[in-house]
Amino acid sequence: MNVFVLCTGRSGSVTFYNSPVSINNSNFFGSKSEDYLNLFRSNFVIKNTQFKNVNSDALDLDFSNGSIDNVLFENVGNDGLDISGSIVKVDNLSFLNIK
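Residues numbered from 1 in each chain as written. Predicted model: local features only at pLDDT ≥ 70, side-chain atom pairs only at ≥ 80, totals over all residues. Heavy atoms only, no water.

Honestly, the overall build of the protein chain in this entry has me stumped. Any pointers?
Broken down by element type, the protein chain carries zero helices and nine strands. Going through the 99 residues of the protein chain one by one, you find that 37% of them count as buried. Of all intrachain contacts in the protein chain linking residues separated by at least 6 positions in sequence, the fraction that spans at least 24 positions is 24%. When the accessible surface of the protein chain is summed, it comes to about 5300 Å², and 46% of that surface belongs to carbon and sulfur atoms. (Helix = DSSP H or I, 4+ residues; strand = E, 2+ residues; numbered from the N terminus. Buried < 20%, exposed > 50% of the residue type's maximum accessible area, 1.4 Å probe, protein only. Contact = heavy atoms within 4.5 Å. Areas by Shrake-Rupley, 256 points an atom, 1.4 Å probe, with all protein chains shown as cover.)

Looking at this model, I keep getting lost on the pairing of strand S5 (residues 43-54). Mind explaining?
Each regular strand shows side chains that alternate between the opposite faces of the sheet. Direction of pairing for strand S3 (residues 21-31) relative to S5: parallel, over a ladder of nine bridges. Across the sheet, the residue bridging to Phe-29 is Lys-52, located in S5. Bridging between S5 and strand S7 (residues 65-76) involves 10 bridges; their strand directions are parallel. Note on S7: the bridge partner recorded for Ile-46 is Ile-68. (Pairing = 2+ DSSP bridges.)

Teacher, can you tell me more about the confidence of the model for the protein chain here?
Close inspection of predicted coordinates is inappropriate for parts of the model with low pLDDT. Per-residue confidence for the protein chain gives a mean pLDDT of 88; residues scoring 70 or more make up 88%. Between the elements of the protein chain, mean pLDDT differs from a low of 42, seen in strand S1 (residues 2-4), to a high of 97, seen in S7. Segment residues 1-10: pLDDT under 50, and 28 contacts once partners within four positions in sequence are set aside and those in other chains are kept. (pLDDT = per-residue confidence, 0-100.)

How should the environment of Gly-77 be read in this particular structure?
Looking at where Gly-77 falls in the secondary structure, it is placed in the loop between S7 and strand S8 (81-84). Under the relative-accessibility criterion, Gly-77 is labelled partly exposed at 33%. Along the primary structure Gly-77 and Asn-97 are separated by 20 residues, whereas in three dimensions their C-alpha atoms are 8.5 Å apart. Those residues in contact with Gly-77 that sit more than four places away from it in its chain are Val-54, Asn-55, Ser-56 and Lys-99.

I keep staring at the pattern of salt bridges and nothing clicks. Help me out?
Side-chain pairing between opposite charges can occur once the charged atoms of the two side chains come close. Counted according to the given criterion, the structure contains one salt bridge. Measuring nitrogen to oxygen at the nearest pair gives 3.8 Å for the salt bridge that ties Lys-52 to Glu-74. Separated by 22 residues along the polypeptide, Lys-52 in strand S5 and Glu-74 in strand S7 bring together distant segments of the chain. (Salt bridge = Lys/Arg side-chain N within 4 Å of Asp/Glu carboxyl O.)

In structure tokens:
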């Protein structure tokens, strides 16, 4: 999955609420929203994925549970990974040019 979003709103460009989420071999490039990908009260697996050229937070996890493996965060204007009230297993994350 390749996602390119030019969104100027203040909420997440892509939001999942109380949903099972599986993201693999995906690219999230270019976002001007507050959060590019926001998961709220969701179970998730995110692997082999890239977040690049994100204006604010790249990945925001709120009260969600899951794992993140082999994910790159590059050129992010705020948090690469924002976790609140979540249980997350992480492995092999890369953060480059996070402001």
